[in-house]
Structure formats: structure tokens, C-alpha cells
Amino acid sequence: LIIAPRGPAAYQTPDFPPPLSRYARMDDPAFDVGGGVALITGANQGLGFELAKRIAHMPRVFKVVLACRNEQRANEAREKLQGLFADKSFEVVVMLVDTEDTTSCRDFGAKWTATVNAPVDLFLMNAGGMGGRDASDIMQPSGSTRIFAMNVLGHAEMFDALSRANMLSPKCKVVYVGSETAVGMGPFPKPDLRDADNIAAHISNTYNDPTGNTAIKWIGPGNMGQSGYGTCKAIAALYFSALARRHPSMKILTVSPGGTRGTNAHAKSGWFFGNLIPFMMVVFGVGHPLAKGAERLQYGFFVDEDPYVSGAFVASKAIAPPVGKCVDYRSFKKTENVFGDEKLQDAAYEAVRRFMR
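Residues numbered from 1 in each chain as written. Predicted model: local features only at pLDDT ≥ 70, side-chain atom pairs only at ≥ 80, totals over all residues. Heavy atoms only, no water.

What to know about the overall build of the chain
Looking only at helices and strands, the chain features 11 helices and 11 strands. Within the chain, the proportion of its 357 residues that are buried is 58%. Residue pairs in contact within the chain that sit at least 24 positions apart in sequence constitute 76% of those at least 6 positions apart. A total of about 14500 Å² of accessible surface is found on the chain, and carbon and sulfur atoms cover 53% of it. (Helix = DSSP H or I, 4+ residues; strand = E, 2+ residues; numbered from the N terminus. Buried < 20%, exposed > 50% of the residue type's maximum accessible area, 1.4 Å probe, protein only. Contact = heavy atoms within 4.5 Å. Areas by Shrake-Rupley, 256 points an atom, 1.4 Å probe, with all protein chains shown as cover.)

Below is the structure:
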């Protein structure tokens, strides 16, 4: 546990914080954030840290918890975050958790009670990524693959652990960071999701597609891509839509930041995805900047109109590249047959919970 001292430094960037141009200004003291305690996984860099800055700026937010697996980087993020603000009384707390380690996530409720002991009002589920070439082959004690644990199962366990500890606000707002890869794009094939048994087979890497290839395996020459990432994101979107229906007083949704430059999603994904693709995105201007991706997540918390409503899977209408206008994939013509299917949502919910305590 590290609680940051209240820093004297002023804002370091003249354009921070940017307003929500289409909605209310985020720095309006009257703007209702729903509570003052925010929890962010994967908060030490990229989208997690960018959103931590924005949330910390909210007048009613008095505690921001950075949940990370690397203590040194988390401490550095804490210092940077505290250094951005002057004349504001708030705390930045570092808690260590690894979403890949489901045991750590199952114990998170008790750790939270001992450390923070206040209900979570805003929960950004941001940790995850492609996880490296072996992420689909390494099996966890839960029976899931490593890539599924780090992206989905760990967050599901954290939510349940906080719920068991009565540490989720009745009006808690939860945003899971999704991806357009869930519908299939480029080297990410469209996932074949049909029922609970079929989905569970994906999670445990025992599913075989008609061509004999596992849909959650690496594909292409060398380190070209990982289809399992898209499959995980599709199952997650379905799961959190089902979870939202089971917690009607809360706001729970999946939001994709879109094709965003400056994230850490490609870490440990080989030279092609880990280095060349991010470089090409910058050089050729493919995708939008980090601030734009973070703004989408910000909308997920603070905008209560279509498509940013509870249960939604908000993502880009266009996926080549995935930028521009957002829609709810539950009602979007090209995707509603999958993500708008409540029976399939419930199947995903049942399948995921087979791997939970």
C-alpha cells in the first residue's frame, strides 16, 4: 500500500483535461460521477494511466486506486499522477494484482477491504493484452488459457470478490475495455461461439474448428497474429452484457477504445505486432491518438445515452480502421445476431463461471 502525498505541482499540459465536447464538461463540479472511489487495472501506462488522469481530475473523486502487477511502474505512475494536480485533496493508492493470477484476483475483495475499505464507484477493467506467443498454450490452475485469464477471467473474479465483500457501490459503473477484434478483422478470425459448451472449449483451448485449427491459437507465419485475443474479447463482451442484466442498479458495459496508438496491447506479441504495427500506426496515421481512445472509455462512465448504456458493447461502426462513430454491437445490423442474443450472453456467462470459484 502506498498513499501519495498531496503534491504542489500544477498541471503540466495546457490542454489537460480536455472537455467532453459533445456532452457536459468533466471539470464541472456539478457533474455527477456517481461516487468518489475509482479502481483501474493496468493503470501504470497507456489507456489506464490516461483515464486515471481524467478521473482524478473530477471534482468529486477523492481516491484513485492503481491496480497493477509491476510495483515499480505503479509507483512511478502514482508519482506522475499526483504531480499533475495542485490544490486538490485526493489520494492515489497502489495495489498489486495480476489479472493472470486468478487466485490473486479472488482474494482482491479482502485486500481491498483491508486497504481501502470503501465501496468502488468507478471500475475500469483495462489490464490484459495479447500476452505473447505462448499465451494460448499455457494453462492456468483454473483450466483456462493464460490469454483468457489475463483479459477476462481475472476481471470477472475481481468483480465477484469485491461483490462478496460488499465493496461495490450499488450504482457502481464498470467499463471493460473491449476490442473490434471480437467480430473478426485482419488476422483475427470471426469467433465461432454457439453455446456454453462451445464457449468453454474456447476458454480451455480444446475447441477445434472445421479446418482442424484451434481458434485460440497463433496463426500465420512466425509472430503474425493471435486469433485468441479476438475470441477472448468476444466472450468478454457477451459475459459483461449478461452480468449487467444481473446487476440492474449498476452500469456495466464493454467499450472499445478503437484503433488507438500508444497502448500496450501488443506487448510480448512478437516483432511484427509488438514493434512494426505500432510504428506503422504512428507513421501512417492509422488509428487515433491515445487521448481519443481514452475519451471513449470516459464516455462509458459518464454518458448515459445511446450507445453508452448498461449492457452495451460499444465499438467502431467501421473496423478498417476501427475509428470514428461508435455503435452498440447488440443492435448494430452486422453484429446484433451475436452480441444482441441474450441466450448467447447467458451461455457465455455460464461458460466463464465454470472456471471461477
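There's more to say after this.
Focus on the pattern of salt bridges
Any two side chains of opposite charge can pair, given that their charged atoms come close. The full count for this structure, using the stated rule, is 18 salt bridges. Between arginine 146 and glutamate 100 there is a salt bridge whose closest N-O contact spans 2.9 Å. You can see arginine 146 sitting in helix H5 (residues 146-164) and its partner glutamate 100 sitting in the loop between strand S4 (91-96) and helix H3 (102-106), a full 46 residues away along the chain. For the pair shown, arginine 146 and glutamate 100 are each scored as buried. Between arginine 246 and aspartate 346 there is a salt bridge, with the nearest N and O atoms lying 3.2 Å from each other. With arginine 246 in helix H7 (residues 227-246) and aspartate 346 in helix H11 (residues 342-353), this residue pair connects regions lying 100 residues apart in the sequence. According to the relative accessible area criterion, arginine 246 is partly exposed, its value standing at 35%. Through salt bridges with shared partners, one network takes in Arg245, Arg246, Glu342 and Asp346. (Salt bridge = Lys/Arg side-chain N within 4 Å of Asp/Glu carboxyl O.)

Some details on the confidence of the model for the chain
Atomic detail in the predicted coordinates should be set aside for any region of low pLDDT. With 74% of its residues at a pLDDT of 70 or more, the chain has an overall mean of 81. Of the regions scoring below 50 in pLDDT, residues 1-31 engages in 69 contacts with residues more than four places distant in sequence or in other chains. In this model residues 212-225 is a low-confidence stretch, pLDDT under 50, and it forms 45 contacts with partners more than four residues away in sequence or in other chains. (pLDDT = per-residue confidence, 0-100.)

Some points on the packing of helix H6 (residues 196-203) against H11
With their axes 8 Å apart at the nearest point, H6 and H11 run at an angle of 50° to one another. The orientation of H6 with respect to H11, classified from their angle, is oblique. Both H6 and H11 take part in a crossing whose hand is right-handed. From H6, Ala196, Ile199, Ala200 and Ile203 reach across to H11, where they touch Leu344, Ala347, Ala348, Glu350, Ala351 and Val352. (Axes fitted to C-alpha atoms, helices over the stretch in contact; angles between N-to-C directions. Parallel < 35°, antiparallel > 145°, perpendicular 65-115°, else oblique. Left-handed = near helix turned anticlockwise from the far one by under 90°.)

Section: the packing of aromatic side chains
For the coordinates displayed, the defined rule picks out 10 aromatic pairs. Ring centres of phenylalanine 301 and phenylalanine 302 lie 5.9 Å apart, and the angle between their planes is 45°; this geometry places the pair in the tilted category. Residue class for phenylalanine 301 comes out buried when judged on its relative accessible area of 0%. Seen from their ring centres, tyrosine 329 and phenylalanine 332 are 6.0 Å apart, and the 25° between their planes marks the pair as stacked. The pair tyrosine 329 / phenylalanine 332 is uniform in exposure class, with both members buried. Three or more aromatic residues joined by ring pairs form one cluster here, namely Tyr176, Tyr239, Phe240 and Tyr349. The positively charged end of arginine 246 is found above the aromatic ring belonging to tyrosine 349, 3.9 Å away from the centroid. (Phe/Tyr/Trp six-rings, centres within 6.5 Å; stacked < 30°, edge-to-face > 60°. Lys NZ or Arg CZ within 6 Å of the ring centre and 35° of its normal.)

Considering the pairing of strand S6 (residues 168-177)
Extensive coverage of S6 is indicated by the burial of 8 of its 10 residues. Summarising the sheet, strand S5 (residues 120-125) and S6 pair through 5 bridges and their orientation is parallel. In the strand pairing of S6, valine 120 is matched with leucine 168. As judged from the 5 bridges shared by S6 and strand S9 (residues 251-255), these two strands associate in the parallel manner. Within the sheet, the bridge partner assigned to valine 174 lies in S9 and is isoleucine 252. (Pairing = 2+ DSSP bridges.)

Some words on helix H2 (residues 71-83)
Over its 13 residues, H2 extends 18 Å from the first C-alpha to the last, a length consistent with the 18 Å expected when each residue adds 1.5 Å. Capping the start of H2 is the job of one residue whose side-chain oxygen sits 3.1 Å from the backbone nitrogen of glutamine 72: asparagine 70. (Expected span 1.5 Å × (residues − 1). Polar contact = N/O pair within 3.5 Å; in protein donor to acceptor, adjacent residues only side chain to side chain.)

A closer look at the pairing of strand S3 (residues 63-68)
Counting buried residues along S3, 6 of its 6 residues qualify, which places the element largely inside the surrounding structure. Here S3 shows no split at all, with Lys63, Val65 and Ala67 on one side and Val64, Leu66 and Cys68 on the other all buried. For strand S2 (residues 37-41) and S3, the ladder comprises 5 bridges, and the chain directions are parallel. Opposite alanine 38, over in S3, you have valine 64 as the bridge partner. In this view, the connection linking S2 to its parallel neighbour S3 by way of helix H1 (residues 46-57) has right-handed handedness. Bridge count for S3 against S4 is 6 bridges, and the pairing is parallel. Paired with leucine 66 across the bridge in S4 is valine 94. (Right-handed = clockwise from strand over helix to strand, strands pointing away.)

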